[in-house]
Amino acid sequence: MTANVAVETTPDIPLWNDPAQPVAARVDALIGAMTLQEKIAQLYGVWVGASDKGGEVAPHQHDMEEAVDLDALLPTGLGQLTRPFGTVPVDPALGALSLLRTQTRIASANRFGIPAVAHEECLAGFAAWGATAYPVPLSWGATFDPDVVRRMAAAIGRDMRSVGVHQGLAPVLDVVRDARWGRVEETIGEDPHLVGTIGTAYVQGLESAGIVATLKHFVGYSASRAGRNLAPAPMGTRERADVLLPPFEMAIREGGARSVMHAYNDIDGVPVAADETLLTGLLRDTWGFDGTVVADYFGIAFLRTLHGVAADWADAAGTALTAGVDIELPTVKTFGAPLVEAVTEGRVPEPLIDRALRRVLGQKAVLGLLDPDWSPVPPALEGVDPDDPEALRGRIDLDRPENRELAREIAEKAVVLLTNDGTLPLTRPRRIALVGPNATEPTAVLGCYSFPLHVGVQHPQVPVGIDLPTLRDTLAAEFPDADITVTRGTGVDDGDLSGIGEAVDAAREADLVIAALGDRAGLFGRGTSGEGCDAESLTLPGAQQPLLDALLDSGTPVVTVLLAGRPYALGRATADSAAIVQSFFPGVEGTHAIAGILSGRTDPSGRLPVSVPRGPGAQPTTYLGARLAQVSEVSNIDPTPAFGFGHGLTYTSFTWSDLTVNAREAPTDGEFTLALTVRNTGERSGTEVVQLYLHDPVASVVQPVQRLVGYTRVPLEPGEARRVHVTVPSDVASFTGRDGRRIVEPGDLELRLAASSTDPRLTATVTLTGPERRVDHTRRFHAAFTQDPAPEA
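Reading the values: rules and limits
Each chain carries its own residue numbering, running from 1 in the written order of its sequence. Confidence filtering applies because this is a predicted model: local features only for residues at pLDDT of at least 70, side-chain atom pairs given and counted only at 80 or more, and all residues used for totals across whole chains, interfaces and linings. Side-chain metrics in this entry use all non-hydrogen atoms of the structure; hydrogen atoms and water are not considered. Comment: elements are numbered from the N terminus, with helices defined as DSSP H or I runs of at least four residues and strands as E runs of at least two. The size measure is the radius of gyration over C-alpha atoms, and the globule rule it meets is 2.2 Å times the number of residues to the 0.38 power. Think of it in three bands: with a 1.4 Å probe and only protein chains considered, a residue is buried below 20% of the maximum accessible area for its type, exposed above 50%, and partly exposed in between. Contact between two residues is taken to exist if any of their heavy atoms lie within 4.5 Å; hydrogens are not considered. Only the protein chains shown count as cover for residues, and the accessible areas themselves come from Shrake-Rupley with a 1.4 Å probe. Positive residues here are Lys and Arg, negative ones are Asp and Glu, while His and the chain termini are left out of the count. The location of each charge is read from NZ of Lys, CZ of Arg, CG of Asp or CD of Glu. As defined here, a cavity is a set of points on a 1 Å grid over the protein atoms alone where a 1.4 Å probe fits but cannot get out. A pocket is an open set with protein on both sides within 12 Å along at least five of seven lines, and residues line them when an atom is within 4 Å of a point. Grid points are joined across faces, edges and corners, and a volume is the space filled by probe spheres set on the points. Each aromatic pair joins two rings of Phe, Tyr and Trp (for Trp, the six-membered one) with centres within 6.5 Å, and gets the label stacked for planes under 30 degrees apart, edge-to-face for over 60, and tilted for any other angle. Remark: a charge is flagged as sitting over a ring if the NZ atom of Lys or the CZ atom of Arg is within 6 Å of the ring centre and within 35 degrees of the ring normal. Pairs of strands are assigned from DSSP output, requiring at least two bridges between the strands. Only the stretch in contact is used when fitting a helix axis, every axis being a line fitted to C-alpha atoms; angles between N-to-C directions are given from 0 to 180 degrees. Angle categories: roughly parallel below 35 degrees, roughly antiparallel above 145, roughly perpendicular from 65 to 115, and oblique for all the rest. In this scheme, a crossing is called left-handed if the near helix is turned counterclockwise away from the far one by less than a right angle; it is called right-handed if the turn is clockwise. Side-chain classes follow a simple rule in which Ala, Val, Leu, Ile, Met, Phe, Trp, Tyr, Cys and Pro form the nonpolar group, Asp, Glu, Lys and Arg form the charged group, and the remainder, Gly included, forms the polar group. A pair is scored as a salt bridge if a Lys or Arg side-chain nitrogen falls within 4 Å of a carboxyl oxygen belonging to Asp or Glu. Definition of nonpolar core: a set of buried residues of the types Ala, Val, Leu, Ile, Met, Phe, Trp, Tyr and Cys, connected through side-chain atoms within 4.5 Å. Cysteine sulfur pairs qualify as disulfides if the two atoms are within 2.5 Å. For every residue, the predictor reports its confidence as pLDDT, a number between 0 and 100.

Caption draft 1: Inspection of the overall build of the protein chain at higher detail. A tally of regular secondary structure across the protein chain gives 22 helices and 28 strands. The globule rule puts the C-alpha radius of gyration for 793 residues at 28 Å, and the 27 Å found for the protein chain is close to it. Principal-axis analysis of the C-alpha atoms places the extent of the protein chain at approximately 80 × 70 × 50 Å. Across the 793 residues that make up the protein chain, the buried fraction comes to 63%. Of the contacts formed within the protein chain by residues at least 6 apart in sequence, a portion of 79% connects residues at least 24 apart. Carbon and sulfur atoms provide 50% of the accessible area of the protein chain, an area that totals close to 27,700 Å². Positive and negative side-chain charges in the protein chain, numbering 65 and 101 respectively, have mean positions lying 2 Å apart.

Printed below as a string of structure tokens:
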């Protein structure tokens, strides 16, 4: 619908270029002046790579796309530039110059002077050569600290914006349903509240820097059958509504995300890219989302090639447009000539084009790309001479000390101490046997969407671009007086047993063994974790478990250190290791963080964002199981985890006491207020993570035994105590009822204050009274925590 807005135009400036006018009026005027070809040109991207010489970008060739002729495309305009920095290694300053020159060409080539939106991946940092590689999202979840994630995202966004990027394809808000899925490392965890709160903080940080955050993958991608990438996602509407959708609701309403990426999967036979009830009915009509919906790469073409719900490219384009997809990525395929022809022939209504275009141009207007004073010069190149490219090389630093400091803070907060028999922290160890495939591998700290592993591996002649100290390097610095013997033992996944004997010999001659095990991130089978690197079971890859078992038999205490993208069953090591330290691809400062935990320089405070299984085959399981999902006498399979969601040890001890509840009853539209005292009773400083779980003993539909509804970190010095308050709105007890609507039911509830999902400390039994109440996406999502500012003596 065209907005009826009275405007006063500025002389000699077209209405669409006048920033003094309402965005809707500017967009409507521009749409009215465009040809069909010019309209459609704004609805697709082109995959390009910046030039390391500072020249214009070059179209990227991919085995799933045809060659793109920019000279033929650009006169009608261009919607997006796909990954100019994230396609080939390029010096950031020369990449920015290349993007500048390309944007100048794009704007000059079309009648309206409209530049493209440049987007990049930023899942664990700006995916560009030389940029800081932060911990992966699973480590974000392990921090239980939205604030540090918000600060990280703002730093990533500032770096992206400084070189001319407008949109970031992050965060991933998929909730882990099966840890065998290769993309677990890209997720924040197995609990929707944790995913939602951490993901929303990331969105807030990215958007604060002027970057359009893109939520992915909407929705159901992580619920694929058997954890296989791109497999069908069989689920009921209640699982989708109560587990998978809440993080997206939260990130849109509280985070202000301006873009959503559709998921590849189908749900009960309907591909998400073709699902109008999801992409329009729910996302827009119900939730009120007014941003852009972008295609996951090649996702529209997949409607024909993988899903078989479209007869040809035009049919795929029309189906996606009808559903609510606005932009085809990564490059023009179905939204090009096939769509022009389909609209011309009347197969696709032109109002569908205008609907998508209104959203796309509205976003470009807000980004300033329609303003008369728009400049292609990014902030990092202001005031420099673009005619001397080589003088620019090295001018832009995307891995500055403040970035590294932030990366280390996150890594330190994300390392989880699973077990400890008192061996840790280490006190001046004399002889250390450092064993395992991740002991000397620099990239063992990186996830599959880090630039070095996502792109750099295809360019082995190019330096990695960032400093990646190995665990051997940081342990040598942390324990300068120790004699450290390094033995590989076996590879990550080669199954080689020949080096185990040498590793055991080294272990027997040492006072302590540090076993550095885990994953190698990669893509499509080139790693043990990452996109397309799914696992048949949760046994450690390759021969790592036999290596670990042999080390445990050596008689020397073994500290098991994991640098991984998913949780693994560790067999007898769960009980027999002197300690187990779990990290999830902790980024460029990850080995420093691990060394600091081992020495005690840093107090461990991470908590598990995913359960660690007891056995490798009882999948899929998550802590969110209902009663029938628990261990029982009628099945010989025990899904009980070795370490539950939220678990993590410290080097001190805490007591929880003095629970008070303001009232034991509240109406279904009310709230409860609780308070407790947490005291550090040990001799070291430490951080307790107070977690609040809700248990609904009787409900009209089956509920998880418990689910997280709030949490807070409580740092305390030895002997220090703090009063912690929590307000629990009735809304957090809501769930999807039998008629498909979200409700709050009257009845008894248990509010469990716990150190993890398996370690409740204090429980309040309360009752909701009054009538059943309907709620929607405007409900209160959180239990709110506060802490007294002055600790008790």
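We are not done yet, so read on.
Caption draft 2: Expanded view of empty space enclosed by the protein. Here the structure, examined in full by the defined rule, presents eight cavities of 30 Å³ or more. Size it by volume and the largest cavity reaches roughly 70 Å³. Lining of the largest cavity is provided by 16 residues; of these, Phe126, Ala131, Ala133, Phe451 and Pro452 occupy positions nearest its centre.

Caption draft 3: Region of interest: the packing of aromatic side chains. Taken as a whole and judged by the stated rule, the model has 13 aromatic pairs. Residues Phe218 and Trp287 carry aromatic rings whose centres are separated by 6.0 Å and whose planes lie at 75 degrees to one another, so their mutual orientation is edge-to-face. Placement of the pair is Phe218 in strand 6 (residues 212-218) and Trp287 in the loop between helix 10 (276-286) and strand 10 (292-294), with a sequence separation of 69 residues. Given the relative accessible area of 0%, Phe218 is considered buried. One aromatic cluster is present, built from ring pairs that chain together Phe144, Tyr623, Phe645, Tyr693 and Tyr711. Directly above the ring of Tyr449 sits Lys216, whose terminal nitrogen or CZ lies 5.6 Å from the centroid. In this structure, Arg304 is placed above the aromatic ring of Trp313, and the distance from its NZ or CZ to the ring centre is 4.4 Å.

Caption draft 4: Geometry of helix 9 (residues 246-253). Among the eight residues of helix 9, seven are classified as buried, and the element is accordingly described as predominantly covered. Within helix 9, the full set of buried residues consists of Pro246, Pro247, Phe248, Glu249, Met250, Ala251 and Ile252. The inward-facing, buried residues of helix 9 abut helix 7 (192-208), strand 6, helix 8 (237-244), strand 7 (259-262), helix 10 and strand 24 (742-744).

Caption draft 5: Here's a closer look at the sheet that holds strand 14 (residues 512-518). Taken in spatial order, the six strands line up as 11-16-15-14-12-13 in an open sheet, and their pairing is mixed. Each end of this open sheet is capped by a strand with a single partner; those strands are strand 11 (416-420) and strand 13 (483-487). Taking each pair of neighbouring strands and ignoring which way they run, the sheet shows an average axis angle of 15 degrees. Pairing of strand 12 (residues 431-435) with strand 13 involves five bridges; the strand directions are parallel. Bridge pairing in strand 13 links Ile432 to Ile484. Where helix 19 (residues 500-508) meets the sheet, its contacts fall on strand 12, strand 13 and strand 14, and the angle it forms with strand 13 comes to roughly 165 degrees. Seen against the sheet, helix 20 (residues 544-552) touches strand 12, strand 14 and strand 15 (558-564) and runs at an angle of roughly 170 degrees to strand 14.

Caption draft 6: Representation of the packing of helix 7 against helix 9 in the model. Direction vectors running N to C along helix 7 and helix 9 enclose 30 degrees, while the axes themselves pass 8 Å from each other. Here helix 7 lies roughly parallel to helix 9, going by the angle between them. Once helix 7 is placed against helix 9, the crossing between them reads as right-handed. Taking contact as the criterion, the partners of Pro192, His193, Val195, Gly196, Thr197, Thr200 and Val203 in helix 7 are, on helix 9, Pro247, Met250 and Ala251. For the contact of helix 7 with helix 9, the per-class residue count stands at six nonpolar, four polar and no charged.

Caption draft 7: Examining the pattern of salt bridges more closely. Going through the model one piece at a time under the given rule, you end up with 46 salt bridges. Across the pair Glu56 and Arg105 runs a salt bridge, and its minimum N-O distance is 2.8 Å. Of this pair, Glu56 sits in the loop between strand 1 (45-49) and strand 2 (58-59) while Arg105 is found in helix 4 (residues 92-109), placing the two residues 49 residues apart along the sequence. What makes Glu56 partly exposed here is its relative accessible area of 36%. Salt-bridge contacts for Arg773 lead to Asp731; the nearest nitrogen and oxygen are separated by 2.8 Å. Of this pair, Arg773 sits in strand 27 (residues 773-774) while Asp731 sits in the loop between strand 22 (721-729) and strand 23 (735-736), and the two are 42 residues apart along the sequence. Its relative accessible area of 6% is what places Asp731 among the buried residues.

Caption draft 8: Region of the structure containing the sheet that holds strand 21 (residues 707-716). Pairing within the open sheet is mixed, and its five strands lie in the order 18-26-25-20-21. Single-partner strands in this sheet number two, and they are strand 18 (665-667) and strand 21. Each adjacent strand pair in this sheet contributes to an overall mean axis angle of 30 degrees, direction not counted. Of the strand pairs in this sheet, strand 25 (residues 747-756) and strand 26 (residues 759-769) are connected by nine bridges, and their pairing is antiparallel. Note that in strand 26 the partner of Asp748 across the bridge is Thr767.

Caption draft 9: Molecular detail of the environment of Val88. Relative to the assigned elements, Val88 resides in the loop between strand 3 (80-82) and helix 4. Discounting residues that sit within four places of it in the chain, Val88 has contacts with Ala50, Phe451, Val455 and His459.

Caption draft 10: Local environment of the nonpolar core. Counting 220 residues, the largest nonpolar core has Phe126, Tyr202, Phe218 and Leu598 as the members making the most contacts within it. In contact with Phe218, not counting residues within four places along its chain, are Leu245, Phe248, Val260, Met261, His262, Ala263, Val272, Leu278, Leu279, Leu282, Leu283 and Trp287. One finds Leu676, Val678, Val709 and Leu751 within the second-largest nonpolar core, a separate group that totals 31 residues.

Caption draft 11: A look at the layout of surface pockets. For the second largest pocket, the calculated volume is near 670 Å³. Around the second largest pocket, the lining comprises 33 residues; the ones closest to its centre are Trp47, His62, His454, Leu523 and Phe524. Here the lining of the second largest pocket is built from residues that sort into 15 nonpolar, ten polar and eight charged.

Caption draft 12: Seen up close, the state of the cysteines. This model, assessed by the stated rule, comprises zero disulfides. Cys448 provides the cysteine sulfur closest to Cys122, a residue in no disulfide bond, and the two sulfurs are 14 Å apart. Looking at the unpaired Cys533, the closest cysteine sulfur is the one in Cys448, lying at 7.1 Å.

Caption draft 13: Focus on the confidence of the model for the protein chain. When pLDDT is averaged across the protein chain, the result is 96; 98% of the residues are at 70 or more. Every residue in residues 1-7 is under pLDDT 50, and counting partners more than four places away or in other chains gives eleven contacts.

Caption draft 14: Highlighting the pairing of strand 19 (residues 671-680). Among the ten residues that make up strand 19, seven are buried, leaving the element largely enclosed by the rest of the structure. Alignment of strand 17 (residues 654-661) against strand 19, held across six bridges, turns out to be antiparallel. Looking at strand 19, one finds that Ser657 is bridged to Thr677. Pairing between strand 19 and strand 22: nine bridges, direction antiparallel. Each residue of the ladder has a partner; that of Ala675, found in strand 22, is His725.

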